[in-house]
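Structural overview
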Amino acid sequence: MRFGYFAAWIVCAAAIGADQRVSTTPSREVHRSCCERSTNAPAWGFFAHRRINRLAVLTLPPEMMVFFKQHIDWLADHATDADMRRYAVLAEGPRHYIDLDEYGEPPFAALPRTFLEALLRHTSVFGITTRGDTVLLYGSNRDTETDLIGLWRPYFDRHVVAAFSDPDHLLDPDTLVHFLNTQNLPAPPLRAALFTETLSAHGILPWHLQKMQRDLTAAFRRRDAKRILRLCADIGHYIGDAHVPLHTTSNYNGQKTGQQGIHAFWESRIPELFADEQYDYFVGKPQPIGDATAYYWNIVLHSNSLVDSVLAIERRLSQQYPADQQKCPETRGRTVLIVPCADYAAAYQQALGGMVERQMRAAILAVASAWYSAWIDAGMPNLRQLDQPTFSDEERREEILLRQQYEKGQILGRPEEQ
Ligand SMILES: [Zn+2]
């Protein structure tokens, strides 16, 4: 519980650093409004997500730079949209993490690497009959029933994957009955159908990255400048999250090991203190990512391999370091916050052996490589000829609404840092 009380203040500091608008508010109000909202601050903090997207642009080849450089500020500013959506869209939260420890031990061989196969093993499909009965048509525990998985695979591919983001997980009953008939499976008359799944509860980050890569490639193929920008900003965010070890474990804030607050300490406080002054941001040129499924799983599995060090090193350090030098007040605007002391953060960073810098550099290179690969896979369209993206009034209104939802501070789904 060492971090328990001041965890909120750490995050508060990160949020204020990112959002100077609160600095003119009277201090009591600042404390309350900031901390109520931002106990759910984004992964890497706003600071690092923006840096990662911005620096990824600077690695691109000239053929891409011609477009991306014009929009570098936009890509940095919108690097945190995905986190803001967590306050407005229920399906957004699980895209930012995966609790791998819920699936056994590394390398989690039994966990399907593609989303379709994972869904087939972690989903139940129900029908509501015309008489009002609920019947299980396809259930969990499919491991030994591979024949049934094979029969249902085309249906899942076409309909269940598509309905995944629907909060009610509804399916069209007529289509489902038609499918059951074609497979000679029992097909009671249905008036409704739906599915339940257990993947969302533990996060879908590596699977969602595969989808993002396909979507971004398609956007390049269509030469849709606006969609390219939006998807580049978002995939940059999710790739950033995938490089944070604590985004791959159910102990995401040290809450299971008495280290509450370590999430923001590792990913917000340390980068904000040291990234710009001490980190080497020269990461080389982007590379083709090859098989996106393997590529994104390797990133997540590597991050997961660092979880034990993230926790154990901080625990050891906190026992050796003078207790009264671990937490410090820090003035931001008119507010005094309690945060990990700069020297203590430096000691943690040192003890981690450069892990935060390495992960941040790897994230920058991976973001650039994801963008680059999508462009290559789309046939290297000439980005000089893209139309300037224009955002409609409707889109601008949606953006304002998104920010307002975020300001209200009601996250939907699991917060990262409580
Ligand atoms: Zn995130």
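Note that the coordinates shown come from a computational prediction; the quantities given were computed from them, not determined experimentally. (Residues numbered from 1 in each chain as written. Predicted model: local features only at pLDDT ≥ 70, side-chain atom pairs only at ≥ 80, totals over all residues.)

Counting its regular elements, the protein chain contains 17 helices and six strands. Counting over 418 residues, the protein chain shows a buried share of 42%. Summarising the internal contacts of the protein chain: among those between residues at least 6 apart in sequence, 78% fall at separations of at least 24. (Helix = DSSP H or I, 4+ residues; strand = E, 2+ residues; numbered from the N terminus. Buried ≥ 20, exposed ≤ 12 C-beta atoms within 10 Å, placed from the backbone. Contact = placed C-beta atoms within 7 Å.)

What follows covers the sheet that holds strand β1 (residues 123-129). Across the sheet, four strands lie side by side as β2-β1-β4-β3; this open sheet has antiparallel pairing. This sheet does not close on itself; its edge strands, each paired only once, are β2 (134-138) and β3 (170-171). By the bridge criterion, seven bridges tie β1 to strand β4 (residues 190-197) in an arrangement that is antiparallel. Bridging across to β4, I128 finds its partner in A192. This element, helix α9 (residues 173-182), spans β1, β3 and β4 of the sheet and lies at about 85 degrees to β4. (Pairing = 2+ DSSP bridges. Axes fitted to C-alpha atoms, helices over the stretch in contact; angles between N-to-C directions.)

The next point concerns the environment of W152. With respect to the helices and strands, W152 occurs in helix α8 (residues 146-160). A sequence separation of 31 residues divides W152 from Q183, and the C-alpha atoms of the two residues are 8.7 Å apart. In this structure W152 touches L120 and Y138, once residues within four positions along its chain are discounted.

Turning next to the packing of helix α14 (residues 307-320) against helix α15 (residues 342-351). Relative to each other, α14 and α15 sit at 135 degrees, their axes nearing to 10 Å. Regarding the angle of α14 to α15, the classification is oblique. Handedness of the crossing formed by α14 with α15: right-handed. Facing I313, E314 and L317 of α14, the residues of α15 in contact are A347, Y348 and A351. (Parallel < 35°, antiparallel > 145°, perpendicular 65-115°, else oblique. Left-handed = near helix turned anticlockwise from the far one by under 90°.)

Both β3 and β4 contribute to a ladder of two bridges, which runs antiparallel. Counted as the bridge partner of L170 is L194 from β4.

We now examine the pairing of β2. Judged from the four bridges that link them, β1 and β2 form a sheet pairing that is antiparallel. Looking across to β2, one finds that F126 is bridged to L136. Between the end of β1 and the start of β2, which pair antiparallel, lie four residues, with G132 showing a positive phi angle near 95 degrees.

A separate point is the nonpolar core. Grouped burial of nonpolar side chains is what soluble globular proteins tend to show. Grouped together as the largest cluster of nonpolar side chains are 88 residues, with contacts concentrated most on I52, C232, I239, I364, V367 and W371. Residue contributions to this core reach at least three from each of two domains, namely domain 1 (7-105 + 203-408) and domain 2 (123-197). Ignoring sequence-local partners within four residues, the contact set of C232 consists of L75, L216 and W371. (Core = buried A, V, L, I, M, F, W, Y, C linked by C-beta atoms within 7 Å. Domains from an automatic or database assignment.)

As a further point, take the packing of helix α12 (residues 262-278) against α15. Where α12 contacts α15, the axes come no closer than 10 Å and their chain directions differ by 95 degrees. In terms of their interaxial angle, α12 and α15 are classed as roughly perpendicular. Taken together, the residues of α15 that come into contact with α12 (itself represented by R269, I270, L273 and F274) are A342, A345, Y348 and Q349. Taken together, the residues of the contact of α12 with α15 break down into six nonpolar, one polar and one charged. (Nonpolar A, V, L, I, M, F, W, Y, C, P; charged D, E, K, R; others polar.)

It is worth spelling out the environment of M360 at this point. Among the secondary structure elements, M360 is positioned in helix α16 (residues 355-377). When the C-alpha atoms of M360 and Y279 are compared, they prove to be 9.0 Å apart, with 81 residues separating the residues in sequence. Not counting the four nearest positions on each side in its chain, M360 is found in contact with A48, I52, P271, A275 and Y279.

This next bit is on the confidence of the model for the protein chain. Low pLDDT means the predicted atomic positions in that stretch should not be read closely. Scored by pLDDT, the protein chain comes out at a mean of 87, with 87% of its residues at no less than 70. Predicted confidence for residues 1-43 stays below pLDDT 50, and this span has 99 contacts to residues more than four positions away or in other chains. (pLDDT = per-residue confidence, 0-100.)

The omega torsion across P106 and P107 is 5 degrees, close enough to zero to call that bond cis. With respect to the secondary-structure elements, P107 resides in the loop between α6 (81-84) and α7 (115-121). The phi torsion at F108 lies on the positive side, around 55 degrees, for a residue other than glycine. On the secondary structure map, F108 appears in the loop between α6 and α7. Positioned with a positive phi, R223 is a non-glycine residue whose angle comes to about 55 degrees. You can see R223 is positioned in the loop between α10 (205-222) and α11 (225-242).

In an α-helix there are 3.6 residues to a turn, and that puts residues three or four apart on one side. Along α15, the residues classified as buried are Y344, A345, Y348 and Q349. The arc enclosing the buried residues of α15, seen along the axis, measures out at 140 degrees, which places them on a common side. Exposed residues lying more than 90 degrees from the buried face of α15 are D343 and Q350. Against the buried residues of α15 lie α12, α14, β6 (335-340) and α16. (Arc of directions from axis to C-beta.)

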